[in-house]
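Inside the fold
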Amino acid sequence: MAATTYALEHFYYGKLVRSGKAEGDMRLLAKSPRVTDEQIAEAVRIALLPPLSGVAQGAWAIVRGKGVPFIMVQSAVGNVGQAVLHFVLIPGDVARSLGGNLKALMTLVDDEMPTFDRLGSLETIVLPQPEPPSYEQQTDDLLNLMTYTKNKIPTIESLVAAIVEGVPIVVQNAPRDLAQRVGFVEGLLAMLPASARFGVTFTTHAPANSKVDAQIRFYAENIVPPNNVMVYDWASGELSGKDAEDDYSHFIISQLRLDAGLVIEQTSALTNIASWRIKRGDRLSDALKYAAYRLKVDDALRNGQPVEAEDVSKILVEDPTLSEDQKRMYSLHLLSFALALGDMSHALPVAISLRQNPELEREVIVQMATALRDGKTQLIYETLFDWLEDPVGPQGMKWVELLHHAALLHLDTLVKSGDAAAVNEMLERAVRSDAAVSMSKIIPRMIELSLPLTARDPGLAMSVMGLAIQYLNNETLRQLLSTKPFRAALPKPLELFGMALEGARVTQEFMALNLPMPEDSKPTRRGTGILNPDALEDAQRKR
(Lines give C-alpha, C1' and ligand atoms only; values in the text may rest on other atoms or scores of the structure.)
Protein backbone atom coordinates (compact mmCIF):
# COMPACT_ATOMS: atom_id res chain seq x y z
CA MET A 1 0.00 0.00 0.00
CA ALA A 2 1.45 3.36 -1.08
CA ALA A 3 2.27 5.85 1.64
CA THR A 4 0.08 8.95 1.82
CA THR A 5 1.70 12.16 0.63
CA TYR A 6 0.55 15.78 0.47
CA ALA A 7 1.16 17.94 -2.62
CA LEU A 8 1.84 21.53 -1.58
CA GLU A 9 2.18 24.46 -3.95
CA HIS A 10 4.67 27.19 -2.99
CA PHE A 11 6.54 30.24 -4.18
CA TYR A 12 9.46 32.51 -3.26
CA TYR A 13 9.15 36.27 -3.03
CA GLY A 14 11.90 38.89 -2.73
CA LYS A 15 14.52 40.65 -4.84
CA LEU A 16 16.47 39.29 -7.75
CA VAL A 17 20.22 38.92 -7.18
CA ARG A 18 22.57 39.76 -10.02
CA SER A 19 26.32 40.14 -9.81
CA GLY A 20 26.18 39.59 -6.08
CA LYS A 21 23.72 42.44 -5.51
CA ALA A 22 19.99 42.60 -4.83
CA GLU A 23 18.16 44.53 -7.55
CA GLY A 24 14.79 46.18 -7.91
CA ASP A 25 11.64 45.85 -5.85
CA MET A 26 10.24 42.85 -4.02
CA ARG A 27 8.63 40.52 -6.56
CA LEU A 28 7.78 36.93 -7.39
CA LEU A 29 11.01 34.96 -7.70
CA ALA A 30 9.82 31.43 -8.45
CA LYS A 31 6.67 29.36 -8.15
CA SER A 32 5.32 25.85 -8.56
CA PRO A 33 2.94 25.10 -11.44
CA ARG A 34 -0.46 25.54 -9.81
CA VAL A 35 0.17 28.76 -7.89
CA THR A 36 -2.15 31.49 -9.22
CA ASP A 37 -1.68 35.26 -9.33
CA GLU A 38 -4.62 35.62 -6.91
CA GLN A 39 -2.97 33.32 -4.39
CA ILE A 40 0.30 35.24 -4.62
CA ALA A 41 -1.46 38.55 -4.12
CA GLU A 42 -3.37 37.27 -1.09
CA ALA A 43 -0.32 35.68 0.54
CA VAL A 44 1.78 38.80 0.12
CA ARG A 45 -1.02 41.01 1.44
CA ILE A 46 -1.68 39.07 4.67
CA ALA A 47 1.61 37.32 5.37
CA LEU A 48 4.42 39.69 4.38
CA LEU A 49 6.58 38.69 7.31
CA PRO A 50 9.85 40.55 7.99
CA PRO A 51 12.92 38.44 8.87
CA LEU A 52 14.21 38.21 12.43
CA SER A 53 17.73 39.58 12.32
CA GLY A 54 20.52 37.51 13.75
CA VAL A 55 18.62 34.24 13.31
CA ALA A 56 19.78 32.08 10.40
CA GLN A 57 16.35 30.63 9.66
CA GLY A 58 14.69 33.98 10.23
CA ALA A 59 11.03 34.16 11.22
CA TRP A 60 8.23 31.66 10.63
CA ALA A 61 4.47 31.99 10.65
CA ILE A 62 1.30 30.08 9.86
CA VAL A 63 -1.74 32.27 9.20
CA ARG A 64 -5.24 31.87 7.86
CA GLY A 65 -6.09 32.86 4.33
CA LYS A 66 -9.29 33.08 2.33
CA GLY A 67 -8.57 31.71 -1.12
CA VAL A 68 -6.12 29.33 0.56
CA PRO A 69 -7.17 28.15 4.04
CA PHE A 70 -3.66 28.35 5.54
CA ILE A 71 -0.42 29.99 4.48
CA MET A 72 2.95 29.06 5.91
CA VAL A 73 5.65 31.67 5.44
CA GLN A 74 9.36 31.77 6.29
CA SER A 75 11.20 35.06 6.06
CA ALA A 76 14.99 35.15 6.24
CA VAL A 77 17.95 37.22 5.07
CA GLY A 78 19.61 35.92 1.92
CA ASN A 79 23.33 35.62 1.27
CA VAL A 80 23.67 39.20 0.00
CA GLY A 81 21.55 40.73 2.73
CA GLN A 82 18.24 40.69 0.86
CA ALA A 83 14.95 39.60 2.44
CA VAL A 84 13.53 36.39 0.93
CA LEU A 85 10.15 34.92 1.77
CA HIS A 86 9.05 31.36 1.14
CA PHE A 87 5.26 30.88 1.02
CA VAL A 88 3.72 27.39 1.23
CA LEU A 89 -0.01 27.08 0.52
CA ILE A 90 -1.73 24.56 2.79
CA PRO A 91 -5.24 23.31 1.91
CA GLY A 92 -7.69 22.83 4.77
CA ASP A 93 -7.82 19.04 4.55
CA VAL A 94 -4.02 18.85 4.68
CA ALA A 95 -3.93 21.15 7.72
CA ARG A 96 -6.48 18.95 9.49
CA SER A 97 -4.59 15.79 8.60
CA LEU A 98 -1.34 17.23 9.94
CA GLY A 99 -3.12 18.03 13.20
CA GLY A 100 -0.79 20.88 14.13
CA ASN A 101 2.33 18.77 13.68
CA LEU A 102 4.83 21.64 13.58
CA LYS A 103 7.81 19.28 13.50
CA ALA A 104 6.58 17.97 10.15
CA LEU A 105 6.08 21.48 8.79
CA MET A 106 9.47 22.62 10.05
CA THR A 107 11.07 20.20 7.59
CA LEU A 108 9.99 22.75 4.96
CA VAL A 109 11.97 25.55 6.61
CA ASP A 110 15.06 26.49 4.59
CA ASP A 111 18.36 26.59 6.43
CA GLU A 112 19.57 28.95 3.69
CA MET A 113 17.36 30.86 1.32
CA PRO A 114 17.96 30.34 -2.42
CA THR A 115 18.79 33.25 -4.73
CA PHE A 116 17.30 33.95 -8.14
CA ASP A 117 18.55 36.14 -10.99
CA ARG A 118 15.39 35.66 -13.05
CA LEU A 119 11.87 34.25 -12.62
CA GLY A 120 12.23 30.58 -11.84
CA SER A 121 10.01 27.52 -11.66
CA LEU A 122 9.65 25.12 -8.76
CA GLU A 123 8.51 21.55 -8.32
CA THR A 124 5.45 20.97 -6.18
CA ILE A 125 6.48 19.99 -2.63
CA VAL A 126 5.64 16.37 -1.82
CA LEU A 127 5.31 16.04 1.93
CA PRO A 128 5.03 12.47 3.27
CA GLN A 129 2.29 12.03 5.81
CA PRO A 130 4.10 12.26 9.14
CA GLU A 131 3.66 9.85 12.00
CA PRO A 132 1.60 11.34 14.84
CA PRO A 133 3.80 12.80 17.57
CA SER A 134 4.93 10.03 19.89
CA TYR A 135 4.10 9.90 23.58
CA GLU A 136 7.69 10.87 24.33
CA GLN A 137 7.62 13.83 21.92
CA GLN A 138 4.42 15.18 23.41
CA THR A 139 5.78 14.69 26.92
CA ASP A 140 8.86 16.68 25.94
CA ASP A 141 6.67 19.44 24.47
CA LEU A 142 4.71 19.71 27.73
CA LEU A 143 7.81 19.68 29.88
CA ASN A 144 9.39 22.37 27.70
CA LEU A 145 6.27 24.49 28.08
CA MET A 146 6.47 24.15 31.84
CA THR A 147 10.11 25.23 31.68
CA TYR A 148 9.29 28.22 29.46
CA THR A 149 6.51 29.29 31.87
CA LYS A 150 8.69 28.73 34.93
CA ASN A 151 6.48 25.82 36.07
CA LYS A 152 3.56 28.13 36.76
CA ILE A 153 0.51 25.94 36.19
CA PRO A 154 -1.99 28.85 36.48
CA THR A 155 -0.06 30.66 33.74
CA ILE A 156 -0.38 27.65 31.42
CA GLU A 157 -4.10 27.43 32.19
CA SER A 158 -4.61 31.07 31.24
CA LEU A 159 -2.61 30.67 28.03
CA VAL A 160 -4.63 27.59 27.03
CA ALA A 161 -7.87 29.41 27.86
CA ALA A 162 -6.78 32.29 25.64
CA ILE A 163 -6.24 29.93 22.71
CA VAL A 164 -9.59 28.22 23.27
CA GLU A 165 -11.49 31.48 23.64
CA GLY A 166 -9.77 33.17 20.72
CA VAL A 167 -7.91 35.78 22.79
CA PRO A 168 -4.68 36.90 21.05
CA ILE A 169 -1.46 36.09 22.91
CA VAL A 170 1.58 38.33 22.75
CA VAL A 171 4.90 36.91 23.97
CA GLN A 172 7.53 39.47 24.95
CA ASN A 173 11.23 39.12 25.74
CA ALA A 174 11.48 35.61 24.29
CA PRO A 175 14.85 34.14 23.23
CA ARG A 176 15.55 34.86 19.58
CA ASP A 177 16.14 31.18 18.84
CA LEU A 178 13.48 29.90 16.41
CA ALA A 179 13.39 26.42 17.96
CA GLN A 180 12.52 27.76 21.41
CA ARG A 181 9.78 30.01 20.11
CA VAL A 182 8.29 27.18 18.10
CA GLY A 183 8.69 24.92 21.13
CA PHE A 184 6.55 27.31 23.16
CA VAL A 185 3.79 27.03 20.54
CA GLU A 186 4.18 23.24 20.39
CA GLY A 187 3.74 23.00 24.15
CA LEU A 188 0.47 24.92 24.01
CA LEU A 189 -0.74 22.81 21.07
CA ALA A 190 0.02 19.66 23.08
CA MET A 191 -2.64 20.82 25.55
CA LEU A 192 -5.26 20.51 22.81
CA PRO A 193 -6.69 17.49 20.97
CA ALA A 194 -4.90 16.93 17.67
CA SER A 195 -8.10 17.73 15.76
CA ALA A 196 -8.17 21.23 17.30
CA ARG A 197 -4.51 22.15 16.82
CA PHE A 198 -4.55 22.94 13.11
CA GLY A 199 -6.55 26.14 13.61
CA VAL A 200 -4.04 27.83 15.94
CA THR A 201 -2.03 30.44 14.01
CA PHE A 202 1.24 32.03 15.09
CA THR A 203 4.16 34.17 14.04
CA THR A 204 7.58 33.95 15.66
CA HIS A 205 8.29 37.62 14.90
CA ALA A 206 5.96 40.63 14.88
CA PRO A 207 7.63 44.06 14.67
CA ALA A 208 5.68 47.27 15.11
CA ASN A 209 4.71 47.60 11.44
CA SER A 210 3.80 43.92 10.92
CA LYS A 211 0.41 43.22 9.36
CA VAL A 212 0.58 39.50 10.02
CA ASP A 213 -2.56 38.49 11.94
CA ALA A 214 -1.94 35.45 14.14
CA GLN A 215 -3.28 34.28 17.47
CA ILE A 216 0.18 33.82 19.04
CA ARG A 217 2.64 36.60 18.26
CA PHE A 218 6.21 37.04 19.43
CA TYR A 219 6.80 40.75 19.70
CA ALA A 220 10.06 42.49 19.04
CA GLU A 221 11.65 44.30 21.96
CA ASN A 222 10.22 47.58 23.25
CA ILE A 223 6.90 47.29 21.40
CA VAL A 224 3.83 48.12 23.47
CA PRO A 225 1.12 45.50 22.83
CA PRO A 226 -2.52 46.51 22.23
CA ASN A 227 -5.08 46.38 25.06
CA ASN A 228 -7.15 43.45 23.84
CA VAL A 229 -4.45 40.79 24.13
CA MET A 230 -3.01 38.52 26.81
CA VAL A 231 0.67 39.32 27.34
CA TYR A 232 3.22 36.78 28.54
CA ASP A 233 6.64 38.07 29.55
CA TRP A 234 9.08 35.23 28.93
CA ALA A 235 11.80 36.83 31.02
CA SER A 236 9.71 37.32 34.18
CA GLY A 237 7.14 34.56 33.65
CA GLU A 238 4.33 37.04 34.36
CA LEU A 239 0.98 37.47 32.63
CA SER A 240 -0.77 40.75 32.03
CA GLY A 241 -3.41 42.25 29.79
CA LYS A 242 -6.69 40.53 28.97
CA ASP A 243 -7.78 37.57 31.09
CA ALA A 244 -9.26 34.32 29.75
CA GLU A 245 -10.95 31.41 31.44
CA ASP A 246 -12.94 28.44 30.19
CA ASP A 247 -14.08 24.96 31.19
CA TYR A 248 -11.77 23.02 28.90
CA SER A 249 -8.57 24.68 30.11
CA HIS A 250 -9.62 24.04 33.70
CA PHE A 251 -10.28 20.39 32.87
CA ILE A 252 -7.01 19.76 31.02
CA ILE A 253 -4.94 21.60 33.63
CA SER A 254 -6.45 19.37 36.30
CA GLN A 255 -4.87 16.48 34.39
CA LEU A 256 -1.53 18.27 34.07
CA ARG A 257 -1.43 18.82 37.83
CA LEU A 258 -1.58 15.04 38.25
CA ASP A 259 0.72 13.95 35.44
CA ALA A 260 1.75 15.12 31.99
CA GLY A 261 0.92 11.65 30.69
CA LEU A 262 -2.74 12.16 31.60
CA VAL A 263 -2.86 15.22 29.37
CA ILE A 264 -1.67 13.12 26.43
CA GLU A 265 -4.21 10.39 27.21
CA GLN A 266 -7.08 12.84 27.48
CA THR A 267 -6.21 14.88 24.39
CA SER A 268 -5.99 11.62 22.45
CA ALA A 269 -9.41 10.54 23.74
CA LEU A 270 -10.86 13.95 22.89
CA THR A 271 -9.58 14.08 19.31
CA ASN A 272 -12.49 12.42 17.50
CA ILE A 273 -15.10 14.17 19.64
CA ALA A 274 -13.61 17.60 19.09
CA SER A 275 -13.15 16.91 15.37
CA TRP A 276 -16.85 16.05 14.98
CA ARG A 277 -17.95 19.21 16.78
CA ILE A 278 -15.56 21.44 14.82
CA LYS A 279 -16.68 19.96 11.50
CA ARG A 280 -20.31 20.65 12.34
CA GLY A 281 -19.46 24.32 12.85
CA ASP A 282 -18.86 24.73 16.60
CA ARG A 283 -16.48 27.37 17.83
CA LEU A 284 -13.27 25.89 19.22
CA SER A 285 -14.29 26.76 22.77
CA ASP A 286 -17.68 25.09 22.38
CA ALA A 287 -16.19 22.01 20.70
CA LEU A 288 -13.62 21.52 23.47
CA LYS A 289 -16.13 22.27 26.20
CA TYR A 290 -18.40 19.53 24.86
CA ALA A 291 -15.48 17.12 24.39
CA ALA A 292 -14.34 17.59 27.99
CA TYR A 293 -17.93 17.18 29.18
CA ARG A 294 -18.27 13.96 27.15
CA LEU A 295 -15.19 12.50 28.81
CA LYS A 296 -16.55 13.39 32.23
CA VAL A 297 -19.81 11.60 31.43
CA ASP A 298 -17.87 8.60 30.11
CA ASP A 299 -15.85 8.42 33.32
CA ALA A 300 -18.92 8.83 35.52
CA LEU A 301 -20.79 6.01 33.79
CA ARG A 302 -17.72 3.79 33.82
CA ASN A 303 -17.41 4.29 37.58
CA GLY A 304 -21.12 3.89 38.34
CA GLN A 305 -21.65 7.52 39.29
CA PRO A 306 -25.01 9.28 38.75
CA VAL A 307 -25.60 11.20 35.51
CA GLU A 308 -28.81 12.90 34.41
CA ALA A 309 -30.84 10.60 32.16
CA GLU A 310 -31.59 13.48 29.78
CA ASP A 311 -27.87 14.11 29.28
CA VAL A 312 -27.10 10.44 28.64
CA SER A 313 -30.02 10.18 26.22
CA LYS A 314 -28.95 13.27 24.27
CA ILE A 315 -25.38 12.00 23.86
CA LEU A 316 -26.58 8.55 22.82
CA VAL A 317 -28.80 10.06 20.12
CA GLU A 318 -26.51 12.78 18.79
CA ASP A 319 -22.88 11.75 19.25
CA PRO A 320 -21.55 9.60 16.37
CA THR A 321 -18.14 9.26 18.03
CA LEU A 322 -19.40 6.77 20.64
CA SER A 323 -17.81 3.36 20.18
CA GLU A 324 -19.98 0.23 20.31
CA ASP A 325 -18.81 -0.45 23.87
CA GLN A 326 -19.66 3.12 24.85
CA LYS A 327 -23.10 2.86 23.25
CA ARG A 328 -23.67 -0.28 25.30
CA MET A 329 -22.52 1.46 28.49
CA TYR A 330 -24.72 4.49 27.85
CA SER A 331 -27.73 2.35 26.91
CA LEU A 332 -27.54 0.08 29.95
CA HIS A 333 -27.12 3.04 32.30
CA LEU A 334 -30.06 4.81 30.69
CA LEU A 335 -32.26 1.73 30.90
CA SER A 336 -31.35 1.01 34.52
CA PHE A 337 -32.03 4.62 35.46
CA ALA A 338 -35.35 4.67 33.61
CA LEU A 339 -36.51 1.39 35.14
CA ALA A 340 -35.57 2.55 38.64
CA LEU A 341 -37.54 5.79 38.25
CA GLY A 342 -40.41 4.22 36.35
CA ASP A 343 -39.99 6.78 33.55
CA MET A 344 -38.94 5.51 30.14
CA SER A 345 -39.34 8.84 28.33
CA HIS A 346 -35.58 9.19 27.78
CA ALA A 347 -34.96 5.54 26.94
CA LEU A 348 -36.07 5.49 23.27
CA PRO A 349 -32.43 5.87 22.08
CA VAL A 350 -31.80 2.48 23.66
CA ALA A 351 -34.35 0.93 21.32
CA ILE A 352 -32.67 2.51 18.30
CA SER A 353 -29.30 1.00 19.28
CA LEU A 354 -30.54 -2.57 19.66
CA ARG A 355 -30.52 -3.68 16.02
CA GLN A 356 -26.81 -2.98 15.64
CA ASN A 357 -25.66 -4.51 18.92
CA PRO A 358 -26.71 -8.12 19.64
CA GLU A 359 -24.89 -8.16 22.98
CA LEU A 360 -26.74 -5.06 24.12
CA GLU A 361 -30.00 -6.59 22.88
CA ARG A 362 -29.51 -9.66 25.05
CA GLU A 363 -28.72 -7.58 28.12
CA VAL A 364 -31.74 -5.31 27.62
CA ILE A 365 -34.06 -8.29 27.29
CA VAL A 366 -32.69 -9.68 30.57
CA GLN A 367 -33.18 -6.32 32.33
CA MET A 368 -36.76 -6.03 31.09
CA ALA A 369 -37.60 -9.61 32.05
CA THR A 370 -36.21 -8.90 35.52
CA ALA A 371 -38.34 -5.75 35.75
CA LEU A 372 -41.41 -7.82 34.88
CA ARG A 373 -40.65 -10.22 37.71
CA ASP A 374 -40.31 -7.20 39.99
CA GLY A 375 -43.86 -6.14 39.15
CA LYS A 376 -43.19 -3.33 36.64
CA THR A 377 -45.72 -4.81 34.23
CA GLN A 378 -47.33 -1.59 33.00
CA LEU A 379 -43.98 0.14 32.41
CA ILE A 380 -42.55 -2.77 30.41
CA TYR A 381 -45.79 -3.38 28.49
CA GLU A 382 -46.14 0.25 27.39
CA THR A 383 -42.45 0.61 26.61
CA LEU A 384 -42.28 -2.52 24.48
CA PHE A 385 -45.45 -1.59 22.64
CA ASP A 386 -43.96 1.80 21.73
CA TRP A 387 -40.58 0.33 20.79
CA LEU A 388 -41.94 -2.44 18.58
CA GLU A 389 -44.31 -0.11 16.72
CA ASP A 390 -41.43 2.31 16.05
CA PRO A 391 -39.96 1.72 12.56
CA VAL A 392 -36.41 1.88 13.95
CA GLY A 393 -37.13 -0.12 17.09
CA PRO A 394 -36.10 -3.71 17.87
CA GLN A 395 -37.34 -6.60 15.76
CA GLY A 396 -37.80 -10.33 16.16
CA MET A 397 -40.03 -12.87 17.86
CA LYS A 398 -38.12 -12.71 21.15
CA TRP A 399 -39.28 -9.11 21.50
CA VAL A 400 -42.84 -9.92 20.43
CA GLU A 401 -43.00 -12.78 22.94
CA LEU A 402 -41.69 -10.52 25.71
CA LEU A 403 -44.37 -7.94 24.83
CA HIS A 404 -47.08 -10.60 24.89
CA HIS A 405 -45.87 -11.82 28.27
CA ALA A 406 -45.86 -8.28 29.64
CA ALA A 407 -49.30 -7.55 28.17
CA LEU A 408 -50.89 -10.59 29.80
CA LEU A 409 -49.26 -9.89 33.16
CA HIS A 410 -50.41 -6.27 33.07
CA LEU A 411 -53.91 -7.23 31.98
CA ASP A 412 -54.15 -9.72 34.84
CA THR A 413 -53.10 -6.97 37.26
CA LEU A 414 -55.77 -4.62 35.91
CA VAL A 415 -58.49 -7.26 36.13
CA LYS A 416 -57.58 -8.06 39.71
CA SER A 417 -57.70 -4.36 40.57
CA GLY A 418 -61.15 -4.04 38.99
CA ASP A 419 -60.12 -1.34 36.50
CA ALA A 420 -62.55 -2.11 33.68
CA ALA A 421 -61.81 1.11 31.81
CA ALA A 422 -58.08 0.31 31.63
CA VAL A 423 -58.82 -3.26 30.56
CA ASN A 424 -61.04 -1.94 27.77
CA GLU A 425 -58.24 0.40 26.64
CA MET A 426 -55.82 -2.52 26.48
CA LEU A 427 -58.25 -4.55 24.37
CA GLU A 428 -58.84 -1.66 21.99
CA ARG A 429 -55.09 -1.04 21.63
CA ALA A 430 -54.56 -4.71 20.84
CA VAL A 431 -57.11 -4.47 18.02
CA ARG A 432 -55.58 -1.26 16.62
CA SER A 433 -51.97 -2.45 16.88
CA ASP A 434 -49.54 -2.92 14.01
CA ALA A 435 -49.04 -6.36 12.54
CA ALA A 436 -45.43 -6.17 13.82
CA VAL A 437 -46.56 -6.84 17.40
CA SER A 438 -48.83 -9.80 16.48
CA MET A 439 -51.30 -9.07 19.27
CA SER A 440 -53.94 -11.20 17.53
CA LYS A 441 -52.08 -14.25 18.83
CA ILE A 442 -52.89 -13.44 22.44
CA ILE A 443 -56.32 -11.83 22.09
CA PRO A 444 -58.11 -15.12 22.92
CA ARG A 445 -56.11 -15.26 26.16
CA MET A 446 -56.88 -11.57 26.80
CA ILE A 447 -60.60 -12.34 26.39
CA GLU A 448 -60.28 -15.15 28.93
CA LEU A 449 -58.48 -12.96 31.46
CA SER A 450 -61.01 -10.14 31.06
CA LEU A 451 -64.13 -12.28 31.70
CA PRO A 452 -64.28 -11.81 35.50
CA LEU A 453 -64.84 -8.06 35.07
CA THR A 454 -67.48 -8.32 32.35
CA ALA A 455 -70.24 -9.27 34.81
CA ARG A 456 -69.81 -5.86 36.47
CA ASP A 457 -69.25 -3.73 33.37
CA PRO A 458 -71.64 -4.06 30.38
CA GLY A 459 -69.38 -1.86 28.25
CA LEU A 460 -66.46 -4.23 28.77
CA ALA A 461 -68.75 -7.19 28.12
CA MET A 462 -69.67 -5.72 24.72
CA SER A 463 -66.00 -5.14 23.89
CA VAL A 464 -65.16 -8.73 24.79
CA MET A 465 -68.11 -9.91 22.71
CA GLY A 466 -66.84 -7.94 19.73
CA LEU A 467 -63.37 -9.44 20.10
CA ALA A 468 -64.85 -12.91 20.51
CA ILE A 469 -66.74 -12.62 17.24
CA GLN A 470 -63.52 -11.55 15.48
CA TYR A 471 -60.96 -13.85 17.07
CA LEU A 472 -62.64 -16.97 18.55
CA ASN A 473 -63.68 -20.03 16.63
CA ASN A 474 -67.34 -21.01 16.64
CA GLU A 475 -67.08 -23.62 19.37
CA THR A 476 -65.14 -21.31 21.72
CA LEU A 477 -67.62 -18.49 21.00
CA ARG A 478 -70.52 -20.82 21.83
CA GLN A 479 -68.83 -21.76 25.11
CA LEU A 480 -68.34 -18.08 25.93
CA LEU A 481 -72.02 -17.31 25.35
CA SER A 482 -72.96 -20.21 27.58
CA THR A 483 -71.20 -18.49 30.50
CA LYS A 484 -74.17 -17.08 32.42
CA PRO A 485 -72.47 -14.14 34.23
CA PHE A 486 -70.99 -12.92 30.95
CA ARG A 487 -74.21 -13.48 29.04
CA ALA A 488 -76.21 -11.59 31.63
CA ALA A 489 -74.06 -8.48 31.13
CA LEU A 490 -74.81 -8.36 27.39
CA PRO A 491 -77.76 -6.52 25.79
CA LYS A 492 -80.95 -8.58 25.93
CA PRO A 493 -80.88 -9.73 22.29
CA LEU A 494 -77.37 -11.15 22.70
CA GLU A 495 -78.29 -12.75 26.02
CA LEU A 496 -81.28 -14.48 24.40
CA PHE A 497 -79.13 -15.55 21.47
CA GLY A 498 -76.72 -17.19 23.89
CA MET A 499 -79.56 -18.96 25.63
CA ALA A 500 -80.85 -20.17 22.27
CA LEU A 501 -77.45 -21.65 21.48
CA GLU A 502 -77.85 -23.75 24.63
CA GLY A 503 -81.19 -25.08 23.37
CA ALA A 504 -83.56 -22.81 25.29
CA ARG A 505 -86.84 -21.78 23.61
CA VAL A 506 -86.74 -18.00 23.62
CA THR A 507 -89.16 -17.18 20.76
CA GLN A 508 -91.62 -15.31 22.97
CA GLU A 509 -88.84 -13.30 24.66
CA PHE A 510 -87.47 -12.25 21.24
CA MET A 511 -90.95 -11.23 20.07
CA ALA A 512 -91.44 -9.20 23.22
CA LEU A 513 -88.35 -7.13 22.39
CA ASN A 514 -90.22 -5.77 19.35
CA LEU A 515 -87.02 -5.64 17.33
CA PRO A 516 -87.21 -3.95 13.87
CA MET A 517 -87.28 -6.12 10.80
CA PRO A 518 -83.95 -6.50 8.97
CA GLU A 519 -85.01 -4.30 6.04
CA ASP A 520 -85.84 -1.53 8.46
CA SER A 521 -82.58 -1.79 10.33
CA LYS A 522 -79.99 -0.92 7.72
CA PRO A 523 -77.23 1.07 9.45
CA THR A 524 -76.99 4.78 8.63
CA ARG A 525 -73.33 5.02 9.67
CA ARG A 526 -70.45 2.75 10.46
CA GLY A 527 -69.98 1.63 14.02
CA THR A 528 -67.15 2.60 16.34
CA GLY A 529 -64.79 0.86 18.77
CA ILE A 530 -64.14 -2.86 18.80
CA LEU A 531 -67.51 -3.60 17.12
CA ASN A 532 -66.77 -1.25 14.22
CA PRO A 533 -67.59 -3.25 11.04
CA ASP A 534 -64.31 -2.11 9.49
CA ALA A 535 -62.46 -3.56 12.45
CA LEU A 536 -64.47 -6.79 12.18
CA GLU A 537 -63.62 -7.14 8.51
CA ASP A 538 -59.91 -6.48 9.21
CA ALA A 539 -59.91 -9.03 11.97
CA GLN A 540 -61.55 -11.64 9.80
CA ARG A 541 -58.84 -11.12 7.21
CA LYS A 542 -56.17 -11.51 9.93
CA ARG A 543 -57.74 -14.80 11.00
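Before reading further, recall that the structure is shown in the block above.
I will try to describe carefully the structure that is included in this document.

Calculation criteria
Residues numbered from 1 in each chain as written. Predicted model: local features only at pLDDT ≥ 70, side-chain atom pairs only at ≥ 80, totals over all residues. Heavy atoms only, no water. Helix = DSSP H or I, 4+ residues; strand = E, 2+ residues; numbered from the N terminus. Buried < 20%, exposed > 50% of the residue type's maximum accessible area, 1.4 Å probe, protein only. Contact = heavy atoms within 4.5 Å. Pairing = 2+ DSSP bridges. Axes fitted to C-alpha atoms, helices over the stretch in contact; angles between N-to-C directions. Parallel < 35°, antiparallel > 145°, perpendicular 65-115°, else oblique. Left-handed = near helix turned anticlockwise from the far one by under 90°. Nonpolar A, V, L, I, M, F, W, Y, C, P; charged D, E, K, R; others polar. Arc of directions from axis to C-beta. Salt bridge = Lys/Arg side-chain N within 4 Å of Asp/Glu carboxyl O.

**Looking at the overall build of the chain**
In terms of helices and strands, the chain carries 24 helices and 13 strands. Burial analysis of the chain (543 residues in total) assigns 50% to the buried set. Of the contacts made within the chain by residues no fewer than 6 positions apart, 66% connect residues no fewer than 24 positions apart.

**Thoughts on the pairing of strand S11 (residues 216-219)**
Here S11 shows no split at all, with Ile 216 and Phe 218 on one side and Arg 217 and Tyr 219 on the other all buried. One ladder, built from three bridges, connects strand S9 (residues 169-172) with S11; its direction is parallel. Within S11, the residue paired with Ile 169 across the bridge is Ile 216.

**A look at the environment of Phe 70**
Relative to the helices and strands, Phe 70 resides in strand S5 (residues 70-77). C-alpha of Phe 70 to C-alpha of Val 94: the two residues are 24 residues apart in sequence and 9.5 Å apart in space. Not counting the four nearest positions on each side in its chain, Phe 70 is found in contact with Ile 62, Val 63, Arg 64, Gly 65, Val 88, Leu 89, Ile 90, Ala 95, Phe 198, Gly 199 and Thr 201.

**Some details on the packing of helix H17 (residues 420-432) against helix H19 (residues 458-471)**
Between H17 and H19, the least distance of the axes is 10 Å, while the angle of their chain directions is 25°. Between H17 and H19, the interaxial angle falls into the category roughly parallel. Read as a crossing pair, H17 and H19 show a hand that is left-handed. Residues Ala 420, Val 423, Asn 424, Leu 427 and Val 431 of H17 lie in contact with H19, whose contacting residues are Leu 460, Ser 463, Val 464 and Leu 467. For the contact of H17 with H19, the residue count by class is seven nonpolar, two polar and no charged.

**Things to note about helix H11 (residues 309-318)**
All of the buried residues along H11 are Ala 309, Val 312, Ser 313, Ile 315 and Leu 316. Projected down its long axis, H11 carries its buried residues within an arc of 165°, all on one side. Counted as exposed and oriented over 90 degrees from the buried face of H11: Glu 310 and Val 317. Its buried side turned inward, H11 meets helix H10 (284-302), helix H12 (324-341) and helix H13 (348-353).

**Description of the environment of Ala 190**
As for its position among the elements, Ala 190 is in the loop between helix H6 (178-189) and helix H7 (194-197). Assessed through its relative accessible area of 4%, Ala 190 is described here as buried. Apart from the residues within four sequence positions on either side, Ala 190 is in contact with Asp 141, Leu 142, Arg 197, Val 263 and Thr 267.

**Details of the sheet that holds strand S12 (residues 230-233)**
Sheet architecture is open: eleven strands sit in the order S7-S3-S2-S6-S5-S4-S10-S11-S9-S12-S13, paired in mixed fashion. On the outer flanks of this sheet lie strand S7 (120-121) and strand S13 (238-241), each paired with one strand and no other. Sheet analysis places strand S10 (residues 202-206) next to S11, joined by three bridges and oriented parallel. Note that in S11 the partner of Ala 206 across the bridge is Tyr 219.

**As for the pattern of salt bridges**
A complete count under the given rule lists 23 salt bridges for this structure. Here Lys 103 and Glu 186 are joined by a salt bridge, their closest N and O atoms 3.1 Å apart. Remark: Glu 186 occurs in helix H6 and Lys 103 occurs in helix H3 (residues 102-106); sequence separation between them is 83 residues. The class of Lys 103 is partly exposed, set by a relative accessible area of 36%. Here the salt bridges share partners, and the residues they tie into one network are Lys 103, Asp 141 and Glu 186.

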